[in-house]
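# Structural overview for review
Listed below, chain by chain, are the residues.
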Amino acid sequence: MESKNAPDVMWFEFLFDKTGTLLTTHLSTPNAAPSAEQLITQFLEKSGYIAPWTKKETATKTAQNGQEKQDVVETNVKRKEPLLLLALHVASHLDWNLGHLETGLPLYVQYVLLQELVKMFYKETEDIQPSPELLKVEKNAIFPLLLYYRWIVRSIVDQTSSKLTENNTNELPFADAKNEKSEMEKLIEKIEAEETTAINVLQQGTSWKDDLTFPVLPPLKTSTENEEEKSEKDETKIAGEGTEKDAESSDNTMDTSETKTVSSQSIIGQICFDLGTLFFYKGNIEKAKSLFETCSSVQ
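Now for a quick tour of the structure. (Residues numbered from 1 in each chain as written. Predicted model: local features only at pLDDT ≥ 70, side-chain atom pairs only at ≥ 80, totals over all residues. Heavy atoms only, no water.)

## What to know about the pattern of salt bridges
The test is simple: Each reported salt bridge corresponds to a side-chain nitrogen of Lys or Arg within 4 Å of a carboxyl oxygen of Asp or Glu. Only DSSP runs of H or I with at least four residues qualify as helices, and only runs of E with at least two residues qualify as strands; both kinds are numbered from the N terminus onward. With a 1.4 Å probe rolled over the protein chains alone, any residue whose accessible area is under 20% of its type maximum counts as buried; one over 50% counts as exposed, and the rest are partly exposed.
Overall, the coordinates contain 8 salt bridges when judged by the stated rule. Here Lys119 makes a salt bridge to Glu116, at a shortest N to O gap of 3.3 Å. Taken together, the residues Lys119 and Glu116, both in helix α6 (residues 107–121) and 3 residues apart, mark about one turn of the helix. Judged by relative accessible area, which is 49%, Lys119 ranks as partly exposed. In this structure Glu116 comes out as buried when scored by relative accessible area, which is 13%. Measuring nitrogen to oxygen at the nearest pair gives 2.6 Å for the salt bridge that ties Asp274 to Arg150. Of this pair, Asp274 sits in helix α13 (residues 264–282) while Arg150 sits in helix α7 (residues 142–160), and the two are 124 residues apart along the sequence. A relative accessible area of 10% places Arg150 in the buried class. Taken together, the salt bridges that share partners define one network made up of Glu102, Arg150, Arg154 and Asp274.

And the structure:
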């Protein structure tokens, strides 16, 4: 007898979907099971990206030679990259709405998801360290940076108001209560350590004048396509026919992303609200008042 809560589709089915429609169709279905938030968590869990918190992946203690290490790295990449990309596409379907992500995802999943988004688009250089200067950053990295640092200040506010400690300490699976609290404390310390940088970046964003587009993610590739692509490239190289560029251009990939624009007014309003809330909880009432007034004026 099937459970009433049985999922409509299993997480691994998205990996082998060649039609490019399964993910978008599923996410467009009312009350889909698993939900978008559940899919993000499952994809990142199976990928190993959240292993430090779930304890599901442990380092091998067996000595490995160079070739064995290389094989392990290649295997991990094959497993992790498609699953991470699926998680990012699902979050994009949610319009990168921080309210949805914060409500539906454990804190450590939020952290990994948004960090990986930033890594995909923001290429650090010495010119923009230690704190990113938005005018020196590639435009496609602006939205991920602002989103990530908004999340940082919102998480600090939650911690300040004791919500993180009260509501999220039981989110870490496969760990006893003592280790669970320790891991949460470590994560909160990482978040709090970025407060100064977050304020710096977001204050730059309060005068941002251009509309921004959502991150344009790489198209999804199924695991089967990845294997076929590697095989085809190897054969092409051996036979001396064509070029790698030709092989790449012939790939059948599924693009589930949709370009969406966020107005500069909306960006400023969101930033001012989040920064204002942070300053309010920090006791800087005048600064908070000024930011809230700006937020109201751009609505």
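Moving on from the model shown.
## Focus: the packing of α13 against helix α14 (residues 285–298)
Condition: Where helices are involved, their axes are fitted lines through C-alpha atoms of the stretch in contact, as for all axes, and angles between N-to-C directions lie from 0 to 180°. Any angle that falls under 35 degrees is termed roughly parallel, while one over 145 is termed roughly antiparallel, one within 65 to 115 roughly perpendicular, and all others oblique. Each crossing gets its handedness from the near helix: less than a right angle anticlockwise from the far helix is left-handed, clockwise is right-handed. In what follows, residue pairs with any heavy atoms lying within 4.5 Å of each other are defined as contacts. Residue polarity is assigned by list, with Asp, Glu, Lys and Arg as charged and Ala, Val, Leu, Ile, Met, Phe, Trp, Tyr, Cys and Pro as nonpolar; anything else, Gly included, falls into the polar class.
It is the contact of α13 with α14, at a shortest axis distance of 8 Å, that shows an interaxial angle of 160 degrees. Considering their axes alone, α13 and α14 lie roughly antiparallel with respect to each other. The handedness of the crossing between α13 and α14 is left-handed. In contact with Gln265, Ile268, Gly269, Cys272, Phe273, Leu275, Gly276, Thr277, Phe279 and Phe280 of α13, α14 contributes Ile285, Lys287, Ala288, Leu291, Phe292, Thr294, Cys295 and Val298. Counted by class, the contact of α13 with α14 contains 12 nonpolar, 5 polar and 1 charged residues.

## Section: α6
Just so we agree on the cut-off: The length a helix should cover is 1.5 Å for every residue beyond the first.
Over its 15 residues, α6 extends 22 Å from the first C-alpha to the last, a length consistent with the 21 Å expected when each residue adds 1.5 Å. Burial within α6 is extensive, with 12 of its 15 residues counted as buried. Listed in full, the buried residues belonging to α6 are Leu107, Tyr108, Val109, Gln110, Tyr111, Val112, Leu113, Leu114, Glu116, Leu117, Val118 and Phe121.

## Thoughts on the packing of aromatic side chains
The test is simple: The aromatic pairing rule takes the rings of Phe, Tyr and Trp, using the six-membered ring of Trp, and pairs them if the centres are within 6.5 Å, calling planes under 30 degrees apart stacked, those over 60 edge-to-face and the rest tilted. We call a charge positioned over a ring when the NZ of a Lys or the CZ of an Arg lies within 6 Å of the ring centre and within 35 degrees of the ring normal.
Evaluation of the coordinates by the stated rule reveals 8 aromatic pairs. Seen in terms of ring centroids, Trp11 and Phe12 are 5.9 Å apart; in terms of plane orientation they differ by 85 degrees. Their pairing is edge-to-face. For Phe12, a relative accessible area of 37% puts it in the partly exposed group. Taken together through their ring pairs, the aromatic side chains of Tyr111, Tyr148, Tyr149 and Trp151 make up a single cluster. Over the aromatic face of Tyr49 sits the side chain of Lys80, whose NZ or CZ is 4.6 Å from the ring centroid.

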